[in-house]
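Single-letter residue listing:
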Amino acid sequence: MGAQPYRIFRRQKMKSMEGQANLLEAGNSDKQKLQIKVLEISENILGPEHSDTSLALHNLGLTYYDLGKFDKALNAQIKSLEIHEKIFGRTHIFTASALNNLGLTYSALAKYEMAIPLQVEVLEIREKELGPNHSDTALALNNLADSYFDLALYEKSLPLEIRAVAITKKVL
């Protein structure tokens, strides 16, 4: 597949994602309020470094991301990652999830110098812990491919995308 059909595919994928985001925005505003309350309760009852507090931060970061509030998403995701690292270590699969979301946010902000190293690390962790043919490994491949694509590094993006599709076909 040449760069042009691949670019058209990506553009269509982005339009679909934008439409879904618009539909969810109203619900995410209420979700954000609830998640802030959950975070406050978790911090007060369990403490600021408990795994459930980290999960509350993680979920709040996802909602901020969905709402396009990337600075707030970064703050929540960085705090969540710090807690995950203290509790589970850098190479744990839960920590990889926190790294993944942080990488996605940096990518959304076009801070690829920050995103790509995190996305490579996520891929390495998932390949080691889950195996090369796991759906989460495919997701990590896809996220890294997207960042390379955004930088017009098609020769790096396309093989990763092809591998992600192959894995997805196997697991479905």
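Shown above is the structure to which this text applies.
As a starting point, this report considers the structure included with it. Note that this is a predicted model, so its numbers are computed, not measured.

We now examine the nonpolar core. Judged by nonpolar contacts, the single largest core of 23 residues is most densely connected at L99, L102, Y106, L141, L144 and L160. At the level of secondary structure, the elements contributing two or more residues to this core comprise α3 (70-88), α4 (93-108), α5 (112-130), α6 (135-150) and α7 (154-171). Apart from residues lying up to four places away in sequence, L102 is in contact with L74, Q77, I78, L81 and L118. Grouped together as the second largest cluster of nonpolar side chains are eight residues, L57, Y64, A73 and A76 included.

Here we take up α7. Spacing of three or four residues puts side chains on the same side of an α-helix, whose turn is 3.6 residues. Here α7 spans 26 Å end to end across 18 residues, near enough to the 26 Å set by a 1.5 Å rise per residue. Buried within α7 we find S157, L160, E161, A164 and I167. Down the axis, α7 shows its buried residues gathered within 125° of arc, on one side only. Turned more than 90 degrees off the buried face of α7, the exposed positions are E155, I162, K169 and K170.

The next subject is the packing of aromatic side chains. We describe a pair of aromatic rings using the distance from one ring centre to the other and the angle between the two ring planes. On inspection of all chains with the given rule, the structure shows three aromatic pairs. Here F88 and F94 contribute two aromatic rings whose centre-to-centre distance is 5.1 Å and whose plane-to-plane angle is 85°, an arrangement assigned as edge-to-face. The partly exposed category is assigned to F94, whose relative accessible area is 47%.

Running from N to C, α5 and α6 point in directions that differ by 160°, and their axes come no closer than 9 Å. Considered as vectors, α5 and α6 are oriented roughly antiparallel to each other. Read as a crossing pair, α5 and α6 show a hand that is left-handed. Every residue of α6 that contacts α5 at Y112, A115, I116, Q119, V120, V122, L123, R126, E127 and L130 is listed here: D136, T137, L139, A140, L141, N143, L144, S147, Y148 and D150. Its residues assigned to classes, the contact of α5 with α6 comprises twelve nonpolar, four polar and four charged.

Next up on the list: unusual backbone geometry. Residues other than glycine predominantly adopt negative phi, and peptide bonds predominantly adopt the trans conformation. You will see that A110, though not glycine, has its phi angle at about 60°, which is positive. Tracing the backbone shows A110 in the loop between α4 and α5. Phi at A152 is positive, roughly 65°, even though this residue is not glycine. By the element assignment, A152 lies in the loop between α6 and α7.

Take the side chain of H84 next. When you line up the elements, H84 lands in helix α3. Classification of H84 as buried rests on a relative accessible area of 9%. Other than its neighbours up to four places away in sequence, H84 contacts S54, G89, F94, T95 and A98.

Right, let's get into α6. End to end, α6 covers 23 Å across 16 residues, agreeing with the expected 22 Å (1.5 Å per residue, within 8%). Buried residues of α6: T137, A138, A140, L141, N142, N143, L144, A145, S147, Y148 and F149, and no others. One or two steps after α6, the chain reaches A152, where phi turns positive at roughly 65°.

What follows deals with a nonpolar patch on the surface. Side chains of I41, I45 and L46 sit close together on the surface and give an oily, nonpolar patch of about 290 Å² of accessible area. Relative to the elements of secondary structure, I45 occurs in helix α1 (residues 3-45).

Here the structure, examined in full by the defined rule, presents four salt bridges. Residues R163 and E127 are paired through a salt bridge, measuring 2.6 Å at the closest nitrogen-oxygen approach. With R163 in helix α7 and E127 in helix α5, the pair connects residues that are 36 residues apart, well separated along the chain. A relative accessible area of 31% places R163 in the partly exposed class. The class for E127 is partly exposed, based on a relative accessible area of 26%. Within this structure, E85, R90 and E121 form a network of salt bridges that share partners.

Scoring rules and cut-offs
Residues numbered from 1 in each chain as written. Predicted model: local features only at pLDDT ≥ 70, side-chain atom pairs only at ≥ 80, totals over all residues. Heavy atoms only, no water. Core = buried A, V, L, I, M, F, W, Y, C linked by side-chain atoms within 4.5 Å. Buried < 20%, exposed > 50% of the residue type's maximum accessible area, 1.4 Å probe, protein only. Helix = DSSP H or I, 4+ residues; strand = E, 2+ residues; numbered from the N terminus. Contact = heavy atoms within 4.5 Å. Expected span 1.5 Å × (residues − 1). Arc of directions from axis to C-beta. Phe/Tyr/Trp six-rings, centres within 6.5 Å; stacked < 30°, edge-to-face > 60°. Axes fitted to C-alpha atoms, helices over the stretch in contact; angles between N-to-C directions. Parallel < 35°, antiparallel > 145°, perpendicular 65-115°, else oblique. Left-handed = near helix turned anticlockwise from the far one by under 90°. Nonpolar A, V, L, I, M, F, W, Y, C, P; charged D, E, K, R; others polar. Patch = residues over 30% accessible without salt bridge, like charges linked within 9 Å, V, L, I, M, F, W, Y side chains within 5 Å. Areas by Shrake-Rupley, 256 points an atom, 1.4 Å probe, with all protein chains shown as cover. Salt bridge = Lys/Arg side-chain N within 4 Å of Asp/Glu carboxyl O.

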